[in-house]
Amino acid sequence: MISGTSEKGPIAGIALACAGYACFSLQDAMVKWLVASHEVPEILFMRSLVIVLVAGALVRYRRHPSIFKSPYRGTVILRAALMLIAWLLFYNAARHLGLAELTTLYFSAPIIVMVLSILVLKEKIHAGRWIACIGGFIGVTIAANPSQSPNLLPAAMCIVAGFCWAWSTILVRLVSRSETTLTQMYATSLIFGLACALSFPWTWKTPDASGWALMLTLGVISTIGQFLLYEGFRYAPASTLAPIEYSGLVWAFVYGYVIWAEIPATNVFVGALLIIASSFLLVLWERRIEGARRKNAPSS
């Protein structure tokens, strides 16, 4: 059995989650590039294929027990379904919404994670986590600057995508209490990829050389990002890591400048600074609580 926490504590979880969300932001940039000429299920299948091959080889090498024999196998299937729904809704909503509306609506997910962590995981959420989460959401709103009312149906799709992602995040924390990171990655991506493959008779378009290279690179980046994030949930509670997801927006601005030479407006910098400040507040708060816990712990 694998415990849901580690002696490294929440600071290690925060660091791993930050790195994971940086990878996911790069993943989103690559999908944005690919979706112009390929359908979403095809892109997601290739991403899942790489994860399955890498994680499956490591699971076999390390002789990890099959997650499909675990008491959590139903939870793994549910999580794969939630992730598939979230991705399909999010990237199809992106065809109809501007980046401002899309980003603001989707980043309701960390707030939902906070609520679900109370209801499902029975976590106790202290004031620091709430302040960091709310501060991060305000930062996202300032940075995205949604000036127009979004189209109702795509907006609803994006909010539902945020809910599905939040729910799947809670399930990662739940399953991590007993299952290894690699077996979770393997099982979830296998189910995810098979579901995407069902659409191939209608959506498949053979990529050219650059398309193949981008999709394979996307799979590698996604593999690294998933591993880092799953490991982060092993060390820290879901409610602690929820505000860290906002750091992905900052990385999105960085990738936008590097790849497309996009220069963020003043409101973007203000929002990004608030997001960073909220994340630092969370780290300092967690270090303070961890220090107090160690100080009050009985000596052996």
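Caption draft 1: Representation of the overall build of the chain in the model. Counting secondary structure elements, the chain contains 13 helices and 0 strands. Helices and strands in the chain line up, N terminus first, as α-α-α-α-α-α-α-α-α-α-α-α-α. For the chain, the accessible surface area stands at approximately 14,400 Å², while carbon and sulfur atoms represent 69% of it.

Caption draft 2: View of the nonpolar core. Ranked by internal contacts, the top residues of the largest apolar core, which has 54 residues, are Trp165, Phe192 and Leu229. Those elements that place two or more of their residues in this core are α1 (10–34), α2 (40–62), α3 (73–93), α5 (109–119), α7 (152–175), α8 (181–197) and α10 (209–235). When residues in this core are grouped by element, the largest group, 10 residues, is from α7. Among all residues touching Trp165, those that are not within four sequence positions of it are Met83, Ala86, Tyr106, Ala109, Leu229 and Glu245.

Caption draft 3: Examining the side chain of Thr188 more closely. Its location among the elements puts Thr188 in helix α8. By relative accessible area, which is 3% here, Thr188 ends up buried. Beyond its immediate stretch of four places on either side in the chain, Thr188 contacts Val76, Arg79, Ala80, Met83 and Tyr230.

Caption draft 4: Summary view of the environment of Ser178. For Ser178, the position within the fold is in the loop between α7 and α8. By relative accessible area, which is 13% here, Ser178 ends up buried. It is 9.8 Å that separates the C-alpha atoms of Ser178 and Arg234, two residues lying 56 residues apart in sequence.

Caption draft 5: How the structure looks around the environment of Gly128. The topology assignment puts Gly128 in helix α6 (residues 127–144). For Gly128, a relative accessible area of 0% puts it in the buried group. Each C-alpha atom of the pair Gly128 and Leu281 lies 7.4 Å from the other, and the pair is 153 residues apart in sequence.

Caption draft 6: Inspection of the packing of α2 against α3 at higher detail. Packing of α2 against α3 brings their axes to within 10 Å, and their N-to-C directions diverge by 135°. When the axis of α2 is compared with that of α3, the two are oblique. Between α2 and α3 lies a crossing of right-handed hand. Contacts between α2 and α3 involve Val40, Pro41, Leu44 and Arg47 from the former and Trp87, Leu88 and Tyr91 from the latter. Partitioning the contact of α2 with α3 into residue classes produces 6 nonpolar, no polar and 1 charged.

Caption draft 7: Inspection of the packing of aromatic side chains at higher detail. Taken as a whole, this structure holds 6 aromatic pairs when the rule is applied. Their ring planes at 80° and their centres at 4.9 Å tell us that Phe45 and Phe200 sit as a pair that is edge-to-face. Within this pair, whereas Phe45 is found in helix α2, its partner Phe200 is found in helix α9 (residues 200–203), the two being separated by 155 residues in sequence. By the burial criterion, Phe45 is buried, and Phe200 matches it. Taken together, the ring pairs in this structure connect Phe45, Phe200, Trp204 and Trp212 into an aromatic cluster. Looking at Arg47, its charged tip hangs above the ring of Phe192, at a distance of 5.9 Å from the centre.

Caption draft 8: The side chain of Ser168, seen in detail. Along the chain, Ser168 turns up in helix α7. The residues touching Ser168, leaving out its near neighbours within four places in the chain, are Arg79, Leu82 and Met83.

Caption draft 9: Up close: empty space enclosed by the protein. Tallied over the entire structure, the rule returns 1 cavity of 30 Å³ or more. A volume near 30 Å³ is recorded for the largest cavity. Going through the elements one at a time, α7 and α10 are the ones with two or more residues in the lining of the largest cavity. Of all the elements, α7 adds the most residues to the lining of the largest cavity, at 4 residues. Its residues assigned to classes, the lining of the largest cavity shows 5 nonpolar, 2 polar and 1 charged.

Conventions and cut-offs
- Residues numbered from 1 in each chain as written.
- Predicted model: local features only at pLDDT ≥ 70, side-chain atom pairs only at ≥ 80, totals over all residues.
- Heavy atoms only, no water.
- Helix = DSSP H or I, 4+ residues; strand = E, 2+ residues; numbered from the N terminus.
- Areas by Shrake-Rupley, 256 points an atom, 1.4 Å probe, with all protein chains shown as cover.
- Core = buried A, V, L, I, M, F, W, Y, C linked by side-chain atoms within 4.5 Å.
- Buried < 20%, exposed > 50% of the residue type's maximum accessible area, 1.4 Å probe, protein only.
- Contact = heavy atoms within 4.5 Å.
- Axes fitted to C-alpha atoms, helices over the stretch in contact; angles between N-to-C directions.
- Parallel < 35°, antiparallel > 145°, perpendicular 65-115°, else oblique.
- Left-handed = near helix turned anticlockwise from the far one by under 90°.
- Nonpolar A, V, L, I, M, F, W, Y, C, P; charged D, E, K, R; others polar.
- Phe/Tyr/Trp six-rings, centres within 6.5 Å; stacked < 30°, edge-to-face > 60°.
- Lys NZ or Arg CZ within 6 Å of the ring centre and 35° of its normal.
- 1 Å grid on protein atoms, 1.4 Å probe; cavity = no way out; pocket = protein on both sides within 12 Å on 5 of 7 lines; lining within 4 Å.
- Points joined across faces, edges and corners; volume = space filled by probe spheres on them.

Structural measurements only, silent on function.
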